[in-house]
Amino acid sequence: MGGLDRDAGDGGSLIRVDGLSAAYRTHDRGARGGRKMVHAVHDVDFELKKGQTLGIAGESACGKSTLGLAVMRVLEPDAVETSGRITCGGESILEMPESGFDADFRWKRIAMIFQGAMNSLDPVFTIREQFSEVLSRHGYDGDADKAISRAVREVNLSESVLSRYPHELSGGMKQRVVIAMALLLKPELVIADEPTTALDVLVQAQVISLLKSLKSDEGMSFILITHDLAVLSEIADVVGIMYGGQIVEFGSLQEVYENPRHPYTQGLLKSIPTIRGGPPSYIAGVPPALLEEPRQCRFIDRCPYAMEKCTAPPPKFVTNTGYVMCWLEEEEKAASQSNAAAPPPREGS
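So, here is what we can say about the structure in this document. Bear in mind the structure is a predicted one, so any value in this text is a computation, not a measurement.

1. As for the nonpolar core
Consideration 1: Judged by nonpolar contacts, the single largest core of 100 residues is most densely connected at Phe46, Leu67, Phe131, Ile223 and Ile241.
Consideration 2: With eight residues, helix α5 (residues 171-183) is the single largest residue contributor to this core.
Consideration 3: When near neighbours in sequence (up to four residues on either side) are disregarded, Ile241 contacts Ala57, Leu229, Gln246, Ile247, Val248, Glu249, Val256, Tyr264, Thr265 and Leu268.

Okay, structure coming up:
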C-alpha cells in the first residue's frame, strides 16, 4: 500500500484495504462501440484498527458511497472492474464467493447504514417485522425477541415503536431504527453513509452521541461517510479525504485537521464557517467527470499550486500518520534536504 507498510503486522487491524478500485458502466458508447466507464474509486488504501472510527469526507460524487458499498459488497449491477484487496480479520473478503460472504460477514461482522436510510424502510411492514426479517435472513438462532428489544433500547427508543409502521415515526426515530437494524447481530464494523443527513441539529447531536457510546461501550468500529467535516471532528480517529475517486490524504484526525498537507484538504477546511473569522472561502471549479482515468493529478485544474510536475499522477507520499497524494510533498522534502528555497507556502504546513 502506497502510504502504509504492506509488511507490517495486523497490530489490532480490523480491516485493511489495498488498491481498491471500482467503476460503473454508463449507457453512452465509446468510439469503439463499448459502453463508457465512470471510474468512481481508484487505488484506495486505508487501514482501520479495532475500536477506531474512520471518517471519509469529500465533495459529492467523489466516490465516498461507492467505497462503502464496495467494502460491503453491495455495488449496483452496473458496477464492474472491482479490484484490489480487502482484508477483514485476516480473511480476504473480495475473493470469497457471494454465498460465503453473505453467510459469514454481511450484517454479522460488517453492517451498513445506507445513505437515505430513513426512506429505506418498507412502508407495508411494521418495524418488528422488518427486524425479524433481518434476523431470519442471516440465520440468527437465538431469542429473536430479546435481540430486537435490546437493539431498540441501545438506540434509546421505546419498544412501542416495534408495532408501528415507518410513516408513524419521525425522521430521527426512523434513523435510529435503521441504526438499530445495523446493530442487531453485533457486527465488528458498521459503515455509516451520511447517517445525519436531513436531520435537524438536535437529532444530529443525538445520533453522534449514540455512535460514540457504541464505540466506547461495545468496542465497535465505524467507517463514517460524510461531507460534514464538523461531524468528523466529533467522532473520527483517522480521516480519509476523497477527491476524484481517490483518498488524496489519509492520517490521524489531529494531523489532517491541524496540519493538512493536500491543497484540497486545506480548501475544505477553509470552507467551514467560524464564529471568529470572516466569510468562508470556497474551491473554484468542479471535480473531474472520471469518464476516463486521469493521467495527471486529479486536482490540477483547481489547485492554486499546480506546476508542470502535476501533469503526472502523484504517488502516495508517507506522512507522520498516513499518506498524501501531492507533488508538493516531494518538493518540500527535497527543499528541506538540500536547504534550497521552499516552494510556495501552504497553509497548515
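2. Some details on the side chain of Thr126
Consideration 1: As for its placement among the helices and strands, Thr126 is situated in the loop between β6 (110-113) and α3 (127-137).
Consideration 2: Given the relative accessible area of 11%, Thr126 is considered buried.
Consideration 3: Contacts of Thr126, omitting those with residues within four sequence positions, involve Leu162, Ser163, Arg164 and Tyr165.

3. Concerning the pairing of strand β7 (residues 189-193)
Consideration 1: Within β7, five of the five residues are buried, which leaves the element mostly enclosed by the surrounding structure.
Consideration 2: Neither face of β7 is exposed, since Leu189, Ile191 and Asp193 on one face and Val190 and Ala192 on the opposite face are all buried.
Consideration 3: Pairing geometry for β6 and β7, over four bridges, is parallel. In the strand pairing of β7, Met112 is matched with Ile191.

4. Let's talk about the pattern of salt bridges
Consideration 1: Under the definition given, this model contains 22 salt bridges.
Consideration 2: Put simply, Glu98 and Arg73 hold a salt bridge, and the shortest N to O gap is 3.5 Å. Of this pair, Glu98 sits in helix α2 (residues 98-104) while Arg73 sits in the loop between α1 (64-72) and β4 (79-88), and the two are 25 residues apart along the sequence.
Consideration 3: Note on Glu98: relative accessible area 41%, which makes it partly exposed.
Consideration 4: Asp237 is the partner of Lys215 in a salt bridge, and the nearest nitrogen-oxygen pair spans 2.5 Å. With Lys215 in helix α6 (residues 201-218) and Asp237 in the loop between α7 (229-235) and β9 (238-243), this residue pair connects regions lying 22 residues apart in the sequence.
Consideration 5: The partly exposed category is assigned to Asp237, whose relative accessible area is 29%.

Quick notes on the rules
Residues numbered from 1 in each chain as written. Predicted model: local features only at pLDDT ≥ 70, side-chain atom pairs only at ≥ 80, totals over all residues. Heavy atoms only, no water. Core = buried A, V, L, I, M, F, W, Y, C linked by side-chain atoms within 4.5 Å. Buried < 20%, exposed > 50% of the residue type's maximum accessible area, 1.4 Å probe, protein only. Helix = DSSP H or I, 4+ residues; strand = E, 2+ residues; numbered from the N terminus. Contact = heavy atoms within 4.5 Å. Pairing = 2+ DSSP bridges. Salt bridge = Lys/Arg side-chain N within 4 Å of Asp/Glu carboxyl O.

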